[in-house]
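# Coordinate analysis (summary)
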Amino acid sequence: MRIVSGMRPTGKLHLGHYFGVIKNWVKLQEEHETFFFVADWHALTTGYKNISALHENIEELMVDWIALGLDPQKSVLFIQSKVKEHAELYLLLGMITPKSWLEWNPTYKDLKYNLLRISDLELMIKNSIRDIVKEVVAKLPYKVEDFELLEEQLVDDMAQSIIKGIFEGYLARDILREINVSKRDFYETDTFGFLGYPVLQAADILIYKAKGVPVGEDQLPHIELTREIARRFNYLYGETFPEPEALLTPTSKLPGTDGRKMSKSYNNAIYFADSKEEVQSKVMKFFTDPQKLRKGDPGRPEICPVFFYHKIFTEEVTVKQIEEDCKKGALGCVDCKRMMFERLEAFLEPIREKRQKAKENIKQIKHAFLDGSHTASKIARQTLEEVRERMNLV
Ligand code: TRP
C-alpha cells in the first residue's frame, strides 16, 4: 500500500510525537511504500510572520526523524516545498473545492469562533465605557455640534485601544485565557492561506495517489475533506484519485509531566533534545496521585502519569510489583519516579546518541532529503500530467 504523511516543522519533537505518530511511521516503512515529508508550506499558513526559526526547525525535524528510526533507504523522506508539483495540484484542486467545505472545517471554524469572541469582547468593552464617555462629553466646556457622533467615535477609539492593550500588553495572558482566545489566532490566521490549508493537504496526499495516511486523531477532518475533494474530482473529470484512509495509532495519548496530554503549549513535554539532567528534573517533578502525600499512603496508579510511563517503559513483572506496592503504600513516589527515570533513560539515551550523530552528519541528511524530493517529484509529475489532461489543460 502506498502511504503518505507529513509534519509541520514547528520545533523539536517530544515523546508524544513519537508515541502518537512517528512510531507508527517507523513500523509502516518496513512493510509499505512510504512517503514522509516536512510540511514547511503548512508551517507558513500560521507562522508566516515568524520565519526566523523556520530553517532551524526544518533541520531539527530531519534530525529527530532520523534519530527516531525513519530511514531514507526505506521511506521517501523529503521537504514539501522542494516538490513544487504539490503547489500546482493545490491550485487546481482549489478550483473545485467549495468555499463552504473549508469554512465548515473544524480548525477554521474554531478560529472564526475566536474572532466572533473578539467582537463580543469589543461590544462588552464598548457598553462598559459608553457611560464614562457620555459623562466626559457632557462636561466639555465648549459646544460640540454632534454629541452623539463624538461619543460614538470616542467609544470606538477607546475600545480599539483597550483591545490593542489587551492583546499587546501585560493583561494578555489572563484575559485571553479567560475568553479562550489566542493572540496568534487573532492576528495571524485570518488569511487565504490558512483557509486553504486543507486543500494543500489534499494535494500532498492525492498527488501520490496514496491509500493510507498515518496521522493523529486531530487530523481526521482534514483526511475526510481530502476524500471529498478526491470524490468531487473523480465525479467531474473521471476516476483519477483513490480515496485515502486515515491510519490511526491505537496507543492512547501520552500524558505530560502534569498529567495532561503532552504538548509544547502546556509546557509539560519531554523532548528528544533534552539532556539526561533535564529529563531527570522533569521526571522528578511529575504529577502524581494528589491523595498520596507520603510513602505510607495508598496510591492510585490508574490515575498516575508516572505509572502510565512504567507501563510503557518498564518490564511487565516489575510493573505489576509497582502497582501492588503503590496501592498498599509500600512504594513512595520519589522511588517510583527514580525507577521510571532509569527505564525512560534506557529508551532515550540511544536516541539522544543517534540525534547527536545525525547533527554531525547534517549535510548527508539534507542530501538524503533532497534525493527524496527528486524521487517524490518524479511520481508527482506523472499524477499532474494525468490531472492536466483530465482538466483539458495542454
Ligand atoms: N496537517 C498535518 C499536521 O498538522 C501536517 C500535514 C500536512 C499532513 N500535509 C499532510 C499530514 C498530508 C498528512 C498528510 O500534522
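Presented here is an overview of the structure given in this document.

Quick notes on the rules
Residues numbered from 1 in each chain as written. Predicted model: local features only at pLDDT ≥ 70, side-chain atom pairs only at ≥ 80, totals over all residues. Heavy atoms only, no water. Helix = DSSP H or I, 4+ residues; strand = E, 2+ residues; numbered from the N terminus. Buried < 20%, exposed > 50% of the residue type's maximum accessible area, 1.4 Å probe, protein only. Areas by Shrake-Rupley, 256 points an atom, 1.4 Å probe, with all protein chains shown as cover. Lys, Arg positive; Asp, Glu negative; His and termini not counted. Charge placed at Lys NZ, Arg CZ, Asp CG, Glu CD. Salt bridge = Lys/Arg side-chain N within 4 Å of Asp/Glu carboxyl O. Near = heavy atom within 4 Å. Polar contact = N/O pair within 3.5 Å; in protein donor to acceptor, adjacent residues only side chain to side chain. Nonpolar A, V, L, I, M, F, W, Y, C, P; charged D, E, K, R; others polar. Core = buried A, V, L, I, M, F, W, Y, C linked by side-chain atoms within 4.5 Å. Contact = heavy atoms within 4.5 Å. Pairing = 2+ DSSP bridges. Right-handed = clockwise from strand over helix to strand, strands pointing away. Patch = residues over 30% accessible without salt bridge, like charges linked within 9 Å, V, L, I, M, F, W, Y side chains within 5 Å.

### Thoughts on the overall build of the protein
Check the secondary structure of the protein and you find 17 helices and 5 strands. Oriented by its inertia axes, the alpha-carbon framework of the protein measures out at about 85 × 75 × 40 Å. Expressed as a percentage of the 394 residues in the protein, the buried residues total 46%. Of the roughly 21,500 Å² that the protein leaves accessible, carbon and sulfur atoms contribute 53%. Measuring between centres, the 57 positive side-chain charges of the protein sit 3 Å from its 60 negative side-chain charges.

### Considering the pattern of salt bridges
Applying the stated criterion across every chain, the model contains 25 salt bridges. With its nearest N and O atoms 3.1 Å apart, the salt bridge here joins Glu30 to Lys74. With Glu30 in helix 1 (residues 15-31) and Lys74 in the loop between helix 3 (54-67) and strand 3 (75-79), the pair connects residues that are 44 residues apart, well separated along the chain. Between Glu315 and Arg343 there is a salt bridge, with the nearest N and O atoms lying 2.9 Å from each other. Of this pair, Glu315 sits in the loop between helix 14 (305-313) and helix 15 (316-327) while Arg343 sits in helix 16 (residues 333-360), placing them 28 residues apart in sequence.

### Observations concerning the site of the ligand
Near the ligand you find 13 residues, and of these Arg8, Tyr197, Gln201, Asp204 and Gln219 are the closest. One of the side-chain nitrogen or oxygen atoms of Gln219 is found 2.9 Å away from a nitrogen atom of the ligand. When the free accessible area of the ligand is taken as 370 Å², the share hidden by the protein chains comes to 93%. Of all elements in the fold, only strand 1 (2-7) and helix 11 (197-206) reach the threshold of two or more residues within the shell around the ligand. In terms of residues, the shell around the ligand owes the most to one element, helix 11, which gives 4 residues. In terms of residue class, the shell around the ligand is made up of 6 nonpolar, 5 polar and 2 charged.

### So, the nonpolar core
Generally speaking, a soluble globular protein has its nonpolar side chains buried in company with each other. Among the nonpolar cores identified, the biggest contains 54 residues, and Leu15, Trp65, Leu344 and Phe369 are the most heavily contacted of them. Filtering out sequence-adjacent residues up to four positions away, Leu344 remains in contact with Leu15, Ile270, Val279, Val283 and Phe313. Membership of the second largest hydrophobic core comes to 37 residues, among which are Leu102, Ala203, Ile229 and Ala230.

### Details of the pairing of strand 1
Consecutive side chains of a regular strand alternate in pointing toward one face of the sheet and then the other. One ladder, built from 6 bridges, connects strand 1 with strand 2 (residues 33-38); its direction is parallel. Paired with Ser5 across the two strands is Phe36, which belongs to strand 2. One crossover worth recording links strand 1 to the parallel strand 2 by way of helix 1, and it is right-handed.

### A few points about the side chain of Thr257
Mapped onto the fold, Thr257 is located in the loop between strand 5 (245-247) and helix 13 (276-284). Beyond its immediate sequence surroundings of up to four residues, Thr257 is in contact with Asn268, Ile270, Lys282, Lys285, Phe286 and Phe287.

### Some details on a nonpolar patch on the surface
On the surface, Leu44, Tyr48 and Ile51 cluster together into a nonpolar patch covering about 250 Å² of accessible area. When you line up the elements, Ile51 lands in the loop between helix 2 (40-47) and helix 3. For Ile51, a relative accessible area of 51% puts it in the exposed group.

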